[in-house]
Amino acid sequence: MQKPEIVVLGKNYSTALGVIRALGREGYPITLVYVTGKKGGSHIASASRYVRRTVEQLGRKDGELVERLVELAGENDGQKVLFPTDDYTASLIDQHRDALAAHYVMPYLEDGGQGSVTRQMDKMVQIARAKEYGLRAAATWEIDLRPDEIVIPDDVVFPCFCKPAVSARGLKREIGMCETREALTDKLYRLQRAMRGRTVLVQEMLTIEEEYSISGVCLGQTVVLPALLKKLCIAEHEKGVTLLGQVCPFDALEPVRDRLIAMLSSLGYHGMIDIELIDCGGTIYFNEMNFRNSGVSYGVTQAGVNLPAMLVRHLTGEAPGAEPSELRYGLRFLYDKAAYEDVLFGDISQTAFEEYQRMADFTMLRDEEDPEPERHFLQEMRRKAVKECIKRLAVVRLIRKITGR
């Protein structure tokens, strides 16, 4: 029986590559549709031996991208699956479901209709639902940037943390800690000038002892959450991202897992899921969930459970296939992109970086059967390193010129 073609959508090579490899190993033909700011930006993910063809979309031009997806669907016969790998592409296909559903099968929400998954991406909606199922969440306030005078609730606590209400529409400039009401006021008015018409979230700042990511798949009322991906080390350059992680059993967090499964089952969602939890002094808090795989979801694949393949078989009606009953817990993994960038920008030493490499059982990029993406990645890192050295040299020369030293 001919396997369906998988159209992997992405704008981040690491998350896209994890899906490409997971499905490519299962024999699925892969087309990569990559959103990039410059021509050739897909070169790391597209170098995979599993990618049969690559289509680059320059810039986030929603209508143009949807048209290209419809055109792609008409080029070959047979069933096709749209597989988004980031918040932007997950929201895009959800908001254009009516135009795409005639050509592809894709993640969806039962009885939800067009735009229903995107509505679940709203973090205030997520927090409310999490609390319904007995999960704790940080105190959160949603602040409207539309009025001329921004109103900050009197009960906001400090320090606090500012972040996007919906990640698919969010920008890095929205994220940041504010120690005082004055600092928060200043940040909100700066955001208002850049993105009026939006709302942002302000959360109490919790003292975090441990952070976890949970990569899973929702198959309607059946939810598979195989493991905790514990963050052993957090990246500095790209805040909050796992640099070194470990595949762990739930153990004492089993009750939290049960609540998460109950919450997700009630949604009737069919798609990949990524959940963030934080441990504050032994109390577990729900942080957020993303309706797609994460940058480190490939760790679950490497440990023994192929979540992307489970979803594709479910969406296409294929036979379920055999999945290992147990994961190889204890495996440690390195997120190459985060580690190299921390070295490049001086956040960790070369010695620390080499120690992390020794500690890892595998990385998100290195694969003996699919070596080209890592080779392209290392070339990219070398180019960035040269640019950074030139920039630093220029700064040193400028200082010397100003100071006369």
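Residues numbered from 1 in each chain as written. Predicted model: local features only at pLDDT ≥ 70, side-chain atom pairs only at ≥ 80, totals over all residues. Heavy atoms only, no water.

Chemist: Sorry, what's going on with the sheet that holds strand 3 (residues 51-58) here?
Modeler: Remark on secondary structure: sheet strands pair via backbone hydrogen bonds, oriented parallel or antiparallel. The strand order 3-2-1-4 describes an open sheet built from four strands, whose pairing is parallel. Here the strands that pair on one side only, and so sit at the sheet edges, are strand 3 and strand 4 (80-84). Between one strand axis and the next, the sheet turns through 20° on average, direction left out of account. When strand 2 (residues 30-36) meets strand 3, the two strands line up parallel, connected through seven bridges. Each residue of the ladder has a partner; that of valine 33, found in strand 3, is valine 55. Helix-sheet contacts for helix 3 (residues 62-73) involve strand 1 (5-10), strand 2, strand 3 and strand 4, and the interaxial angle to strand 3 is about 155°. Its contacts with the sheet put helix 4 (residues 87-95) on strand 1, strand 2 and strand 4, and the angle it makes with strand 4 is roughly 135°. (Pairing = 2+ DSSP bridges. Helix = DSSP H or I, 4+ residues; strand = E, 2+ residues; numbered from the N terminus. Axes fitted to C-alpha atoms, helices over the stretch in contact; angles between N-to-C directions. Contact = heavy atoms within 4.5 Å.)

Chemist: Quick question: what am I supposed to make of the sheet that holds strand 8 (residues 160-164) here?
Modeler: The strand order across the open sheet formed by four strands is 7-10-8-9, and the pairing between neighbours is antiparallel. Only two strands of the sheet have a single neighbouring strand rather than two, namely strand 7 (140-144) and strand 9 (176-178). Sheet twist, expressed as the average angle between the axes of neighbouring strands with direction ignored, equals 30°. With five bridges connecting them, strand 7 and strand 10 (residues 199-204) associate as antiparallel partners. Among the inter-strand pairings, glutamate 142 is bridged to a residue of strand 10, identified as leucine 201.

Chemist: Please clarify how the pattern of salt bridges should be interpreted in this entry.
Modeler: Oppositely charged side chains may form a pair once their charged atoms are brought near each other. Under the criterion given, the structure shown has 25 salt bridges. In this structure, aspartate 87 and arginine 292 form a salt bridge, with 3.1 Å as the shortest nitrogen-oxygen distance. Within this pair, whereas aspartate 87 is found in helix 4, its partner arginine 292 is found in the loop between strand 16 (283-290) and helix 10 (298-303), the two being separated by 205 residues in sequence. Aspartate 87 gets classed as buried once you look at its relative accessible area, which sits at 13%. The shortest N-O distance in the salt bridge between glutamate 374 and arginine 366 comes to 3.1 Å. Among the residues examined, glutamate 374 registers a relative accessible area of 15% and is labelled buried. A relative accessible area of 40% places arginine 366 in the partly exposed class. The network of salt bridges with shared partners includes Arg21, Arg25, Asp367 and Asp370. (Salt bridge = Lys/Arg side-chain N within 4 Å of Asp/Glu carboxyl O. Buried < 20%, exposed > 50% of the residue type's maximum accessible area, 1.4 Å probe, protein only.)

Chemist: Got a minute to help me understand the environment of leucine 267 in this structure?
Modeler: In this fold, leucine 267 is placed in helix 9 (residues 254-267). As for leucine 267 and glutamine 57, which are separated by 210 residues in sequence, their C-alpha atoms are 32 Å apart.

Chemist: Even after reading the chapter, I still don't get the nonpolar core, so can you show me in this structure?
Modeler: By size, the foremost hydrophobic cluster in this structure holds 57 residues, and its most contacted members are Ile6, Leu23 and Leu243. Setting aside anything within four residues of it in sequence, one finds leucine 243 in contact with Cys233, Ile234, Ala235, Phe333, Leu334, Tyr335, Ala338, Ala339, Asp342, Ile348 and Tyr356. Judged by nonpolar contacts, the second largest core, of 31 residues, contains Ala165, Tyr212, Leu264 and Tyr269. (Core = buried A, V, L, I, M, F, W, Y, C linked by side-chain atoms within 4.5 Å.)

Chemist: Would you mind showing me how to read the packing of aromatic side chains here?
Modeler: This structure, assessed with the given rule, holds five aromatic pairs. Ring centres 5.2 Å apart and planes at 80° place the aromatic pair tyrosine 340 and phenylalanine 377 in the edge-to-face group. Placement of tyrosine 340 in helix 12 (residues 336-344) and of phenylalanine 377 in helix 14 (residues 372-403) is noted, with a sequence separation of 37 residues between them. One cation-aromatic arrangement involves lysine 3 over tyrosine 28; the distance from NZ or CZ to the ring centre is 4.4 Å. Arginine 60 extends its terminal NZ or CZ atom over the ring of tyrosine 88, reaching a point 4.7 Å from the ring centre. (Phe/Tyr/Trp six-rings, centres within 6.5 Å; stacked < 30°, edge-to-face > 60°. Lys NZ or Arg CZ within 6 Å of the ring centre and 35° of its normal.)

Chemist: What is the right way to read unusual backbone geometry from this model?
Modeler: Excluding glycine, a negative phi dihedral is what most residues carry, and trans is how most peptide bonds are arranged. In this chain, phenylalanine 158 is followed by proline 159 through a cis amide linkage whose omega measures 0°. When you line up the elements, proline 159 lands in the loop between strand 7 and strand 8. For aspartate 111, which is not glycine, the phi torsion reads 55° and is therefore positive. Along the chain, aspartate 111 turns up in the loop between strand 5 (108-109) and helix 6 (116-120). Take aspartate 111: its relative accessible area is 84%, and that puts it in the exposed class. Even without a glycine there, the phi angle at aspartate 251 is positive, about 45°. Of note, aspartate 251 is situated in the loop between strand 14 (242-248) and helix 9. Residue classification places aspartate 251 among the exposed residues on the basis of a relative accessible area of 59%.

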